[in-house]
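Chain residues, written in single-letter form:
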Amino acid sequence: MNYNSTRDSGCIVTAAQAIAQGISQEGGLFVPETLPVLSREDLEKMIGMSYNEKAKMILSRFLTDFTSEELDYCVDSAYNDRKFDSANISEISRVGDSAYLLELWHGPTCAFKDMALQLLPFLMTTSSRKTAPDKEIVVLVATSGDTGKAALEGFADVPHTRMLVFYPENGVSEMQKLQMTTQSGENVSVCAIKGNFDDAQSGVKKIFTDPVIEAELEKNGQMFSSANSINWGRLVPQIVYYIAAYTTLVEQGEIAMGETVNVTVPTGNFGNILAAYYAKLMGLPIGKLICASNRNRVLTDFIRTGVYDRNRDFYTTTSPSMDILISSNLERLLYQLCGKDDAVIRDWFGKLSSEGKYTVSDSVKEKLQADFWGGFCDDEQTAATIKKTFEEYGYLCDTHTAVAVKVYQDYTAETGDKTKCIIASTASPYKFNDAVLAAITDQEIPADPFEQAEMLSRISGTTPPASLMALKTKKVRFTDSVDKEQMVEKVKEMLK
Ligand SMILES: *Cc1c(COP(=O)(O)O)cnc(C)c1O
């Protein structure tokens, strides 16, 4: 199977090229030429399989240039009990009659990003061995908090790779910051920027195509790649867990084989929900895809009106990993919906960068609304949902997951659709202690994140993840903070 670029349909690359390169030369994103078909027999075959077996089966359809030995190596190195605290890799908790929280945060950094970023380094080094065997891969990451740590953890001390992570200085939680600034590994570096996530993401995208930097890389025998969800190697592992969860629910007797389920995803860069959409296109019985946003409701407005407009205030919320106004992966969805017309994509995304705004055609809007439903909630509603979910079901969810739970409830109230729903639970509540505590107690909350974790544990009767508590005694290694204009200089420094 080959891959095209969303901004140049004539560009044809293998999976290994797409993953090693990260982003296409002209700025487009790599997408599969056609989607593999998932038949009912395939789904039946998966009943009783381990997560790794399911992953290998699905990945083999997308990464046709990988040998089965290579896939075994990649999958088994990524998903195992040294890295994940659940033998099933992800867990499912039923909340109420028809909602299933798919817990994707049992990996080393306690956020769903681990599901992809534990696998990506193996996919990437395997890919580069095939396509550019002598090059060192330089991975630049812009993070709203969780990607940074998950990428660092995945790439630390991986031979032939280097990594530099940029995060918004005031845009991440205390726990997230500590996770990144204490990261070990000789090949990794972390830098704060005085700006928000969109600034970090735009800065990184610009550096990727900077001719001066490119010449420098060439001279050093290096090449850039991306660990953000613009990289196809981030998306394909995410398709796996929707299919795996569906077959697990069949196995547990919660749903019948072939039964339609909805999916709700707390959304920022549109990667996670896009993976669910791809699973649907492959044949997984998914009905509506419910896109949940926080107060940065650009996607809600887009789904409802067909107008994408980033010219609006940016809010810092209690769900920081969704504080985004430019959702990169929407480009892949729109490429699919407009019939793979690269000229249309160039036009819309050109307008996005020059005017901050574009309007899709009526037919694309219609198709968008047939598959997606958008909703949002603010911090107050997020907190109320954490409290209510805890009191009613004894289930403690993090702020991002709470946004999804609330929007799912709004969806069922508005539409009356009672279809069973898989809700992506994207982070451990202990990554966002202060906001979660403030939601469930009136007691005074200590300033120290570890004391907060102990308090949360006491009140909720749950256990804090060991990897977060271990940060307490780790030394802070990275303290740099730069203006966004200085990001290029930081990169040049690292390349030396
Ligand atoms: C990254 C992240 C999201 C948003 O996922 P996208 O793929 O960017 O839409 C939601 N919740 C958490 C906890 C995250 O880390």
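The residue count restarts for each chain, going from 1 along the sequence in the order it is written. Local features in a predicted model are, by the rule used here, given only for residues with pLDDT of at least 70; side-chain atom pairs are given and counted only at 80 or more, and totals for whole chains, interfaces and linings are based on all residues. The side-chain quantities take in all heavy atoms of the structure and omit both hydrogens and water.

Looking at the packing of helix 3 (residues 51-62) against helix 11 (residues 232-251)
The axes of two packed helices give the description: the angle between them and the distance between them.
Part 1 of the reasoning: Between helix 3 and helix 11, whose axes approach to 9 Å, the crossing angle comes to 130°. Classed by the angle they form, the pair helix 3 and helix 11 counts as oblique. Between helix 3 and helix 11 lies a crossing whose hand is right-handed. In this structure, helix 3 uses Tyr51, Lys54, Ala55, Ile58, Leu59 and Phe62 to contact helix 11, whose residues at the interface are Trp232, Val236, Pro237, Ile239, Val240, Tyr241, Ile243, Ala244, Thr247, Thr248 and Glu251.
Part 2 of the reasoning: Note on residue categories: nonpolar means Ala, Val, Leu, Ile, Met, Phe, Trp, Tyr, Cys or Pro, charged means Asp, Glu, Lys or Arg, and polar means any other residue, Gly included. The class makeup of the residues in the contact of helix 3 with helix 11 is 13 nonpolar, two polar and two charged. The angle between two axes is taken between their N-to-C directions and runs from 0 to 180 degrees, where each axis is a line fitted to C-alpha atoms and a helix contributes only its stretch in contact. Numbering goes from the N terminus for both helices and strands, where a helix is a DSSP run of H or I of at least four residues and a strand is a run of E of at least two. We call two directions roughly parallel when the angle between them is under 35 degrees, roughly antiparallel when it is over 145, roughly perpendicular when it lies between 65 and 115, and oblique otherwise. Helix crossings are classified by the rotation of the near helix relative to the far one: an anticlockwise turn of less than a right angle makes the crossing left-handed, while a clockwise turn makes it right-handed. By definition, residues are in contact when any of their heavy atoms lie within 4.5 Å.

So, the sheet that holds strand 1 (residues 2-5)
Part 1 of the reasoning: A sheet is described by the order of its strands in space; here three strands give the open sequence 2-1-3, paired in antiparallel fashion. Single-partner strands in this sheet number two, and they are strand 2 (8-14) and strand 3 (30-32). Geometrically, the sheet is characterised by an average inter-axis angle of 40° between neighbouring strands, direction not taken into account.
Part 2 of the reasoning: The rule for pairing is simple: two strands pair if DSSP sees at least two bridges between them. Relative to strand 2, strand 1 runs antiparallel, the two being bridged by four bridges. Counted as the bridge partner of Asn2 is Thr14 from strand 2.

What to know about the sheet that holds strand 14 (residues 372-376)
Part 1 of the reasoning: With respect to topology, six strands assemble into an open sheet ordered 4-5-15-10-11-14, the strand pairing being mixed. The open sheet is flanked by strand 4 (91-95) and strand 14, the only strands paired with a single partner. Taken pair by pair, the neighbouring strands of this sheet meet at an average axis angle of 25°, ignoring direction.
Part 2 of the reasoning: Pairing of strand 5 (residues 99-103) with strand 15 (residues 421-425) involves five bridges; the strand directions are parallel.

Considerations on empty space enclosed by the protein
Part 1 of the reasoning: Using protein atoms alone on a 1 Å grid, points that fit a 1.4 Å probe yet trap it form a cavity, whereas open point sets bounded by protein on both sides within 12 Å along at least five of seven lines form a pocket; residues with an atom within 4 Å of a point count as lining. Grid points are joined across faces, edges and corners, and a volume is the space filled by probe spheres set on the points. With the rule as written, the count across this model stands at five cavities of 30 Å³ or more.
Part 2 of the reasoning: Its boundaries defined by the atoms lining it, the largest cavity holds a volume of some 300 Å³.
Part 3 of the reasoning: Considering the residues around the largest cavity, the lining is formed by 28 residues, among which Phe112, Lys113, Gly268, Asn269 and Ser321 are closest to the centre.
Part 4 of the reasoning: Counting residues per element, the ones that place at least two in the lining of the largest cavity are helix 7 (146-155), helix 11, strand 10 (261-266) and helix 12 (271-282).
Part 5 of the reasoning: Here the lining of the largest cavity takes three residues from helix 12, the largest share from any one element.
Part 6 of the reasoning: When its residues are assigned to classes, the lining of the largest cavity shows 11 nonpolar, 14 polar and three charged.

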